[in-house]
Amino acid sequence: MKIKSISVYAIPLPYKTLGHGRVTTPEITLHDTVVGIETDGGLVGYGESCPLNPTYLDATTGGLRAALEFLCPVLIGRDPCETGVINTLMDRTVRGHEAAKSAIDIACWDLLGKSAGLPVKTLLGGAEVDGARLYNSIPMDTPQAMISTIEENRKQGITVFQVKLGQGAEPDIARMRAIADILRPGEHMICDANRGWTMEDARRVVAAASQLPPELGLLIEQPCATYEECVTIRKVCDRPFVLDEVIDDTRDLVRASADGALDAVVIKLSHVGGLTKAHEMARLATRLGLRMRIEDTVGAEIVRAAVAHLAVTVPEKSLLAAYPHPASVSLGEIGVTASNGLLSCGEESGLGFEPDTKVLCEPIQHYD
Ligand SMILES: [Mg+2]
């Protein structure tokens, strides 16, 4: 099987921000990118990648689409089922730009599944669970507003709440204490500062966290800007510690594990370069005795399906949670469901995605 052509589609994606320390506008329009890879046998596989605002990771829509101009031509004529070879070729062609590679890689896994007549989860090693535990993000707001959002989430069976913080020690400690008061046994609050705390803020917050009941399901995520700052805070933190933005690849994960710098890692498909690399990191994290979240930055149905197919392959005790990626725009149909706090995928071949051709109409780039 050979890649005959690659089409790139642009979809505006209105997005409600989570209001953490680095974002001030509540509603923004992000720019989603979908790639459709067509083979000489007529199969089409789909991938998707949508950078968040450019302060989050070093990825932008323009940079992603510019990288595709280098990546797509060298992939024509290659076998998309050879995902390892495809990734080697992409890494030799463009340094970094993992968000662009992610869309291509996801489309190749979709094609591998379609050609084998198997769901992607089977090709990734098989499902360990019927459904992956879901979490939801709680936008930063007043403590009472955040508690109301948690109560709404509970009605959908959600038990893991990622609480967005990062404003500063005093207001964030007030939020954390208020939510701790209403947290039930078996529920988790992951306090995510998104790199927003100074060292002093972070020390004060983790000191306050250690005063809360030890049985409380409280975790601290990405307190400060750099890996080194996080390692310093980790040494004075007695709560489980999650790293996200500063873990870019397997090398970072190995180093962080050797340094004892984390209990859990966040694996985002477009941050690490797609399903191939995310799967490698997930297997490694499991072997290293770490827990993980499986998700992406932003996305719609294709991202949701890719996240679901990878998340269910993680052993239950190693998976902290997965994210369902609700979106304001629908790209098409998928056999993935998010209900009762669980993300499940069907048995369709590949990612089970059927595009809405009214949404994916005219490509902005086409390579053949
Ligand atoms: Mg995070």
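All values derive from a computational prediction rather than experimental measurement. The written sequence of each chain sets the order in which its residues are numbered from 1. Whole-chain, interface and lining totals are the exception, using all residues; otherwise, since this is a predicted model, local features are given only for residues with pLDDT of at least 70 and side-chain atom pairs are given and counted only at 80 or more. The basis for the side-chain values is all heavy atoms of the structure; hydrogens and waters are excluded.

### Brief notes about the sheet that holds strand β8 (residues 218-221)
Alright, step 1. Strand order in the open sheet made by the 8 strands is β5-β6-β7-β8-β9-β10-β11-β12, with parallel pairing throughout. The open sheet terminates on both sides in strands that have one partner only, identified here as β5 (135-138) and β12 (319-322). The average angle at which neighbouring strand axes cross in this sheet is 25°, direction not considered.
Alright, step 2. Note that β8 and strand β9 (residues 241-243) share 2 bridges and pair parallel. Being paired, for any two strands, means DSSP has found at least two bridges between them. Helix numbering and strand numbering both begin at the N terminus, where a helix is a DSSP run of H or I of at least 4 residues and a strand a DSSP run of E of at least 2. Helix axes use the C-alpha atoms of the stretch in contact, all axes being lines fitted to C-alpha atoms, and the angles between their N-to-C directions lie in the range 0 to 180 degrees.

### Section: the domain arrangement of the protein chain
Alright, step 1. Taken domain by domain, the protein chain holds domain 1 (3-116 + 357-367) and domain 2 (122-354).
Alright, step 2. Here the C-alpha centre of domain 2 lies 23 Å away from the C-alpha centre of domain 1.
Alright, step 3. Should any heavy atoms of two residues lie within 4.5 Å, those residues are considered in contact. The partner domain 2 presents 42 residues to the 38 residues of domain 1 that form the contact.
Alright, step 4. Together domain 1 and domain 2 conceal approximately 3300 Å² of surface at their shared face, both sides included; 64% is due to carbon and sulfur atoms.
Alright, step 5. We define a salt bridge as a contact between a side-chain nitrogen of Lys or Arg and a carboxyl oxygen of Asp or Glu at a distance within 4 Å. Linking domain 1 to domain 2 there are 2 salt bridges.
Alright, step 6. By the criterion applied in these results, polar contacts are pairs of N or O atoms within 3.5 Å in which, for protein atoms, one can donate a hydrogen and the other can accept it, and in which residues neighboring in sequence qualify only through two side-chain atoms. Across the domain 1-domain 2 interface, the total number found is 18 residue pairs in polar contact (both at pLDDT 80 or more).
Alright, step 7. Every element with two or more residues in the side of domain 1 that touches domain 2 is listed here: β1 (3-16), β2 (27-39), β3 (44-49), α2 (83-93) and α3 (98-116).
Alright, step 8. A per-element tally of the side of domain 1 that touches domain 2 places α3 first, with 11 residues. The split of the chain into domains comes from an automatic or database domain assignment. A simple way to read buried area is as the amount of 1.4 Å-probe accessible surface that goes missing from two parts once joined, with both sides added.

### A few points about the sheet that holds β1
Alright, step 1. Taken in spatial order, the 4 strands of this open sheet run β3-β2-β1-β17, and their pairing is antiparallel. At either end of the open sheet lies a strand with only one pairing partner, and these are β3 and β17 (365-367). Strand-to-strand twist across the sheet, computed as the mean angle between neighbouring axes with direction ignored, equals 20°.
Alright, step 2. Strand direction decides the pairing type here: β2 and β3, joined by 6 bridges, are antiparallel. Bridge pairing in β3 links Val34 to Glu48.
Alright, step 3. Its contacts with the sheet place α3 against β1, β2 and β3, and it is angled at close to 150° to β3.
Alright, step 4. Contacts from helix α12 (residues 301-311) reach β2 and β3, with the element oriented near 95° to β3.

### Structural notes on the coordination of the magnesium ion
Alright, step 1. Bound to the magnesium ion on the protein side are Asp192 (OD), Glu221 (OE) and Asp244 (OD), at distances that span 2.1 to 2.5 Å.
Alright, step 2. Coordinating N, O and S atoms are those within 2.8 Å of the metal (3.2 Å for Na, K and Ca), and as water is not part of the atoms, a site may appear to have fewer donors than expected. One chain supplies every donor to the magnesium ion, and in sequence these donors are spaced D-x28-E-x22-D. Of this pair, Glu221 sits in strand β8 while Asp244 sits in the loop between β9 and α9 (250-258); the two residues are 23 residues apart in sequence, bridging distant segments of the chain. Each member of the pair, Glu221 together with Asp244, is buried. Residue burial is assigned from relative accessible area. The probe radius is 1.4 Å, only protein chains are included, and a residue is buried under 20% of its type maximum, exposed over 50%, and partly exposed in between.

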